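Residue strings, one per chain:
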Amino acid sequence: MSISLSKLEKRTAYALVLPAVLLVFAIVLFPIFANVWISFKDIELKDIRIPEPRAKKIVKTISDNGSELKVIYKLRNSSLIQEIRSVKLQDKFPKNISPINLDARCNFKSKKIICDFGNWEAKYRENFELIIKNINGEKIDKDLIKSKKPILSGKADNPLLTTNFTLDNFKKVFYENNFVELLLTTFYFTFFGTVGAIIFGILAAQLVNQNIQGRTYMRGILLFPYVGPVVALAYTWTLLLDPNSGTLNALLVNFNVLETPINLLGQKYITMNILGFEFKLRLALTTVIFFEIWRYFPLAFLFILARLQAIPQTLYEAADVDGASPIQKFIHITLPQITAIISILFMIRFIWNFNKFEDIFLLTGGASGTRTLPINVYQQGFAVSDIGMGSAVSIVIVMLLISFMIIYFRLIGKKANEV
Amino acid sequence: MKFKSLALFLVISSFFLTCILSIWKVMSTLQGLNFTNLNIAQIFIIGIFLSLSFVLIGNKINHLMKIISLSFIFSIFYFYLNETSPYWYIFGVFLITLFFTNKLKKYTMQSLKEDFITEKVTFDFITLFGIVFFAFVILFPFYIMLVTSFKTQIALLVNPLDFSLDFSKSLTELFKSYFVIFETYNFGRYILISSAVSIGTVIITLLFAIPAAYAVARLNFFGKNFLSSSILIIYMFPAIVLVIPLYTVFSQFGLRNSIFGLLIVYTATTLPVAIYMLQGYFKSIPKEIEDAGIMDGQNWFGIILKIIIPLSLPAIASVALYVFMIAWNEFLFSLMFLDSPKSFTLSRAIQYLSGDAETPRQYLMAGSVIVTVPVLLIFVYFEKYLVSGLTAGSVKE
């Protein structure tokens, strides 16, 4: 009895879980594996369609009384790189019509023409002509002939499923792609974006956790950048930072802080002079990092605030009795209580910033030294149209992510369970 | 010691006053006032006098009388130093000073002798300053977005600082950008598509996630632990690595430019979070209630429908709102999969608009307002549910 019950339970569980698992497998896990396949193939954006034979039909009258027509089929292979095998064309004609110059490859039987063109190599083109006449010498309805569409068929390999592999994509990723700079930019962006968001998150949480009026409103307002649509926010900032008529530059120039506007999103380097040391700052990258901090510190804020509110008030009261200063209270009570959540946040935000695409894409499109790995996937795959190369960059991302996760679970995985 | 803490108090409080007055000045400049100098030093010095006279007067007169008269004197001083400014600006200065002096209430010559007073003063004003700073930094872009949509490109090119709205214009003139994007750029259609995609995603996600979450929370089966831990890992994997394979497969199956294609991608990417959030809540429902249901002869379908769902409506609501926001704000997949204007979502449509350098910025901002307002309204109205959703689904954007 109990055995059958647990069997039933198992069966029910699989029935309940299976639809979700299958969907996630098809859309999330399958593509990750498919990337591996594609990254070893020399394939471009224009190749991903399965090649198909195409024909455009043109009808011309060639005799005075309209009893003879010339039908031209402009035939072509839609693919520029792949052949199509055993192409067949089929077209229908009205009654009382017979062909005059029937091509050897074709057959005309019971109002139907069937042609067997054999194999078409890549880029194949042919103007196939057929002259037809009415047996009774009457006029042929040209529009009727035109309205019939020829049917073509042929066999072609799916370019994604062929088994010719190459290592070129990975060679290109590592040797021809400024890989070191790409990696450095990604790490700058990820690291400073994460640290900045957490620092601002701690500050904001510390502020809102005081007994101030309008604390709930403040919490709501602080989350606005996080819940707003990225497209709207990114374009608003682009307008604000615009060098020609952007509000920020106009304000700075108006109040004589700057002499000439600076192109915060379009200038790769700016030379800074601090204490006599001159150094170059990655300007556009810094701006993008600040946008990133602006947009994601609310999440850190929310988590840290939740943690702060869970700290027992008695701890602070005891510290007051001992005569601790506010700074001592922060260092000795608050900070130890939030280190666990900060380490989790750091890892989560690190991984997510590492994968960030939209923000950079919308602000700079990856120009002016803001090209990170995810931007590179898009550029290779869709701007340069090299799908194989884009996949290879994706694989690099996935490998790095897996190593981050291994480090994460080794180092703080146990802490995560405690919280 | 006393002198040191007094000096620190004067400097910090005056610095805070200078900051809020500067923000007020910047905001007024954006209303078309012609200020070209922040006069930080000047405000700072009279601010020090203001704070000094505040602590010197102490409790000798009633607090309300004290702050009104001090603010009044300060504003008149200020008016003399900035003669060209209009009365509403000075009135704003008066209100700010009133707010500021009210915040000084607890400081007197006596209180400045307390322990750790320097740190307390610093903390107090840093808190105030921080709140003003964060509120300003966050709300300012939203404000610019809104007012830009009511201006015209030419007016903004002539004077990029004048965001004042001309209310003498007719309403149709004022809302012209909105009429244009609806009539010329078809935004009505995009709103419909975005709503359909977002609501559809919510429904399908819940249909898939509720049973799965129930199974993970309650039933014993082989692979359960593997499943529940892989949920966390799966949503660490980013959309950008899925894009190329999905793009190629969708192209071959003709799923690009289709709402259906978007729906399955959005559902699949939000499912892990939804299952994770729901199973946590389902586990908190007492098992005895379900046992009673089993006694009544309910099968799993009946238990989910009649017991689990009614009991976990708050959690389902927060998952639904959270998924709605993800789907509404989503950009990457809509950029990749949609290239025919017939099937654009709002985000994609705005990005498409911006691709044309000729598009005046007020249209872009009007579109941005349209895509932002629904999410912010939903967020403000359902903040409680959403905050619990955000904290639970922390790992996912």
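Criteria and cut-off values
- Residues numbered from 1 in each chain as written.
- Chains lettered and ligands numbered in written order.
- Predicted model: local features only at pLDDT ≥ 70, side-chain atom pairs only at ≥ 80, totals over all residues.
- Heavy atoms only, no water.
- Pairing = 2+ DSSP bridges.
- Helix = DSSP H or I, 4+ residues; strand = E, 2+ residues; numbered from the N terminus.
- Contact = heavy atoms within 4.5 Å.
- Salt bridge = Lys/Arg side-chain N within 4 Å of Asp/Glu carboxyl O.
- Polar contact = N/O pair within 3.5 Å; in protein donor to acceptor, adjacent residues only side chain to side chain.
- Nonpolar A, V, L, I, M, F, W, Y, C, P; charged D, E, K, R; others polar.
- Buried < 20%, exposed > 50% of the residue type's maximum accessible area, 1.4 Å probe, protein only.
- Axes fitted to C-alpha atoms, helices over the stretch in contact; angles between N-to-C directions.
- Domains from an automatic or database assignment.
- Buried area = accessible area lost by both parts, 1.4 Å probe.
- Disulfide = S-S within 2.5 Å.
- Patch = residues over 30% accessible without salt bridge, like charges linked within 9 Å, V, L, I, M, F, W, Y side chains within 5 Å.
- Areas by Shrake-Rupley, 256 points an atom, 1.4 Å probe, with all protein chains shown as cover.
- Lys, Arg positive; Asp, Glu negative; His and termini not counted.
- Charge placed at Lys NZ, Arg CZ, Asp CG, Glu CD.

**Thoughts on the pairing of strand β7 (residues 125-134) of chain A**
All names here are of chain A. Examined bridge by bridge, strand β2 (residues 68-77) and β7 share nine bridges and lie antiparallel to one another. Residue R76 lies in a different strand from β7, and its bridge partner there is R125. Bridge analysis of strand β4 (residues 97-99) against β7 gives three bridges, and the strand direction is antiparallel. Following the sheet pairing, I97 is matched in β7 by N134.

**Thoughts on the interface of chain A and chain B**
On the chain B side, the residues contacting the 100 residues of chain A number 100 residues. Linking chain A with chain B are one salt bridge, by the criterion used here. A salt bridge links E383(B) to R219(A), with the nearest nitrogen and oxygen atoms 3.1 Å apart. Applying the counting criterion to the chain A and chain B interface returns eight residue pairs in polar contact (both at pLDDT 80 or more). If you tally residues by element for the side of chain A that touches chain B, the top one is helix α1 (residues 2-39) of chain A, at 21 residues. Taken together, the residues that form the side of chain A that touches chain B break down as 73 nonpolar, 20 polar and seven charged.

**Looking at helix α8 (residues 247-254) of chain A**
Those residues of α8(A) that sit buried are T247(A), N249(A), A250(A), L251(A) and N254(A). Against the buried residues of α8(A) lie α7 (230-241) of chain A together with α1 (2-29) and α5 (117-148) of chain B. Phi turns positive one or two residues past the end of α8(A), at N256(A), with a value near 60 degrees.

**What about the sheet that holds strand β8 (residues 151-155) of chain A?**
Residues and elements named next belong to chain A. Spatial strand order, β5-β6-β3-β8: four strands in an open sheet with antiparallel pairing. Of all strands in the sheet, those bounded by a partner on one side alone are β5 (106-109) and β8. Here the average twist between neighbouring strands, direction ignored, is 15 degrees. In this structure, strand β3 (residues 84-92) lies alongside strand β6 (residues 112-120), joined through seven bridges in antiparallel fashion. Opposite I84, over in β6, you have W120 as the bridge partner.

**Concerning the domain arrangement of chain B**
Residues and elements named next belong to chain B. What the domain assignment lists for chain B is domain 1 (2-148) and domain 2 (179-392). Between the C-alpha centres of domain 1 and domain 2 there is a distance of 46 Å. The interface of domain 1 with domain 2 comprises four residues on the first partner and seven residues on the second. Taken together, both faces of the contact between domain 1 and domain 2 bury some 460 Å²; the carbon and sulfur share is 89%. Its largest share of buried area at the contact with domain 2, domain 1 owes to F142, M145 and T148, together 88% of the area lost on that side. Taken together, domain 1 and domain 2 are joined by zero salt bridges. Linking domain 1 with domain 2 are zero residue pairs in polar contact (both at pLDDT 80 or more). Of the residues in the side of domain 1 that touches domain 2, the class split is three nonpolar, one polar and no charged.

**Concerning the state of the cysteines**
All names here are of chain A. Across all of its chains, the model carries one disulfide over all chains by this definition. Between the sulfur of C106 and that of C115 lies a disulfide, 2.1 Å long from S to S. Disulfide C106 to C115: torsion about the S-S bond roughly 105 degrees, handedness right-handed. For C106, a relative accessible area of 7% gives the class buried. A relative accessible area of 0% means that C115 is categorised as buried.

**Section: a positive patch on the surface**
On the surface, K56(A), K60(A), K74(A) and R125(A) cluster together to form a positively charged patch. Tracing the backbone shows K60(A) in strand β1 (residues 53-61).

**Structural notes on unusual backbone geometry**
Residues and elements named next belong to chain A. Although it is not a glycine, S86 adopts a positive phi angle of roughly 35 degrees. Note on placement: S86 falls in strand β3. On the accessibility criterion, S86 (28% relative accessible area) is partly exposed. Residues other than glycine seldom take positive phi values, yet S368 does so here, at roughly 50 degrees. One can find S368 in the loop between α12 (358-363) and α13 (373-383).

**As for the environment of R282(A)**
Residue and element names in this part refer to chain A. One can find R282 in strand β10 (residues 277-282). Overall, R282 belongs to the buried group, its relative accessible area being 14%. In the structure, R282 is positioned 118 residues away from L400 in sequence and 24 Å away in space, judged by C-alpha atoms. With residues near it in sequence (within four places) discarded, R282 still touches E181, T185, Y188, K268, Y269 and G369. Engagement of the side chain of R282 in a polar contact is seen with the backbone oxygen of G369, the distance being 2.8 Å.

**As for the environment of E259(A)**
Residue and element names in this part refer to chain A. Looking at the element boundaries, E259 is found in the loop between α8 and β9 (269-274). Given the relative accessible area of 77%, E259 is considered exposed. When the C-alpha positions of E259 and Q380 are compared, they lie 39 Å apart, and in sequence the two are 121 residues distant.

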